[in-house]
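# Coordinate analysis (summary)
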Amino acid sequence: MFETKLFWSIEFWSFRFVSNFDFRISDLHEVMALIKKGKSFKWHRKHLLGLRELSSEEIIYILDTAKGFEQISTRSVKKAPPLRGKVVVNMFFEDSTRTRNSFALAANRLSADIIEFTEKASSVSKGETLLDTARNLEAMGIDIVVIRHSAGGAAKLLSRNINACVVNAGDGFCEHPTQGLLDVYTIRKIKGTLEGLKIAIVGDIAHSRVARSDMWAMTKLGAEVIFVGPPTLMPSWASKLPVSVSYSLDEVIEKVDVINMLRIQFERLGGNPFPSVREYSHYFGLTLERMKRAKPDILVMHPGPINRGLEIESEVADGRNSVILDQVTNGLAVRMAVLFLVNQARAQQGKEAKHEKRIYPD
Amino acid sequence: MKVILNSEQIERILKDLAGRIIADTPNELDIVAIGIRSRGEILAQRLSGQLSQQLGKKVPCGTLDITLYRDDLNSPQGTAQPKVRTTEIGFDIDDKIIILVDDVLYTGRSTRAAMDALIDLGRPKAIKLAVLVDRVGREFPIQADYAGYKSDAEPGKLVQVNLVESDGKDEVIIE
């Protein structure tokens, strides 16, 4: 019950701030002012909770930093020492292959020690709360918590209550910031910039944290985002966001530069959002037939895992426009950058905070 | 502010360093120049140009980013936050004579970090250190093999190397 309440409160919070939605212009001014002054930008966040709260400058800083980490994975010694002696906990309350292993490998490549935590094999199954679990782990001297949870706002809740850095690896339907970052990283690497690109995000928008994080990152970097999906999978709040909405993939396929096909998340679907899998695939699947009408240099993306033949045909997923595996490769560099940066911010916030005797707030 | 080296002197020093490096290195060994970001990068390019000219063959040049190997990453730093950038070494360093190039050798900490970074890339035959300014104040047991100018500037002073490519003008100043 507690978790449901938390989810709604975060949702409510999202609505409230949408009204004063002018980040692109103000951020741009800020960046220009900084460039003029020649002042160096400083990363100060010890948590990465979502992309909504980041400025375009901060997003670009992460992407630029990630570039420096890419080559670690291609050289003979695939390890560098910046997180030596640090402990990273992979706290996953939902199943995951890519994100979990990517974070683990990223931590390993930066020489951190990593603790794998799964709900089933832990005291959570005995009824221990999220905060108690995290505080107990923190008492053992951990430095960074990577958390995935089915409740929106779980990462935020954790960040307010522990001293360690918190990195959100997906919370409910809210955000999946590192996925959003690796998606824009992949696009930027190939297209050079996101400025002026038209990007379609197709499928189960309502249940997708990837759609939200992507949308924040892409619009902040100057792209135009179109949400595409059946009305039953289109959230009502979409109209309050800086995106356009379309209910027909055929209408948008010809004009987009990038298309991101979301997975139909059967585990989250309630009711009957579409009559049959076949019908969904007919109207919203990315088929070879549809690809013929797309721009020749369109980038086909998918956050994985793929339902082959449902949202995307195998021939398209493995085709020459597909960057699905590049996304996975780039994810590693982006996650290394994120772990490095949050740890840097924590180190800079001084040693006194580390030794401060903490009295837990309510 | 005092100018200790001007543009002509810098050029002469690089020419002289290249000559000394060639004299010390047996003919059959391959020399490569690797500069530490960001001033070392530019100096390495110029030095490799000199070496190529004097040797009559191309001396490859690369750039090393040492941020991930710094020893102060986990202690609070002042205003300057180290930014991770790319290492660009487009050749194999195994069995090469690496001329590691930096603008100023002072505490020796950057050099230590650079050596660790290089070892993660392969096993060179030797690493030689070439610097434009060799400044007093070492904190690590590290010395330059080739130094252009020796400075005894006191600890509080700033020895700044300006180069055309990054600062619009070639000069070394003490503030």
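In this text, all values refer to a predicted model and were calculated from it rather than measured experimentally. (Residues numbered from 1 in each chain as written. Chains lettered and ligands numbered in written order. Predicted model: local features only at pLDDT ≥ 70, side-chain atom pairs only at ≥ 80, totals over all residues.)

## Details of the domain arrangement of chain A
All names here are of chain A. Its domain assignment divides chain A into domain 1 (43-175 + 331-346) and domain 2 (177-264 + 272-327). A C-alpha centroid distance of 26 Å is found between domain 1 and domain 2. In this assembly, 23 residues from domain 1 lie in contact with 20 residues from domain 2. Breaking the side of domain 1 that touches domain 2 down by element, the ones donating at least two residues are helix H3 (56-70), strand S4 (165-171) and helix H13 (324-348). Class assignment of the residues belonging to the side of domain 1 that touches domain 2 gives a composition of 11 nonpolar, seven polar and five charged. (Domains from an automatic or database assignment. Contact = placed C-beta atoms within 7 Å. Helix = DSSP H or I, 4+ residues; strand = E, 2+ residues; numbered from the N terminus. Nonpolar A, V, L, I, M, F, W, Y, C, P; charged D, E, K, R; others polar.)

## With respect to the nonpolar core
In this structure, A:Val145, A:Ile201, A:Leu339 and B:Leu47 are the most contacted members of the largest nonpolar core, which totals 141 residues. Here this core takes 11 residues from H13(A), the largest share from any one element. Composition of this core by domain shows at least three residues from each of domain 1 (43-175 + 331-346) and domain 2 (177-264 + 272-327) of chain A. Residue contacts for B:Leu47: discarding those within four places in its chain leaves B:Leu14, B:Leu17, B:Ala18, B:Ala33, B:Ile99, B:Val101 and B:Ala130. (Core = buried A, V, L, I, M, F, W, Y, C linked by C-beta atoms within 7 Å. Buried ≥ 20, exposed ≤ 12 C-beta atoms within 10 Å, placed from the backbone.)

## Comments concerning the pairing of strand S8 (residues 258-261) of chain A
Residue and element names in this part refer to chain A. The alternating pattern of S8 places Val 258 and Asn 260 on one face and Ile 259 and Met 261 on the opposite face, and all of these are buried. Where strand S5 (residues 198-202) lies against S8, four bridges are found, and the strand directions are parallel. Along S8, the bridge assignment pairs Ile 201 with Asn 260. The sheet contact formed by S8 and strand S9 (residues 299-301) spans three bridges and is parallel. By the bridge assignment for S9, Asn 260 is matched with Met 301. (Pairing = 2+ DSSP bridges.)

## Focus: the interface of chain A and chain B
At the interface, 20 residues of chain A touch 17 residues of chain B. Counted by class, the side of chain A that touches chain B contains eight nonpolar, eight polar and four charged residues.

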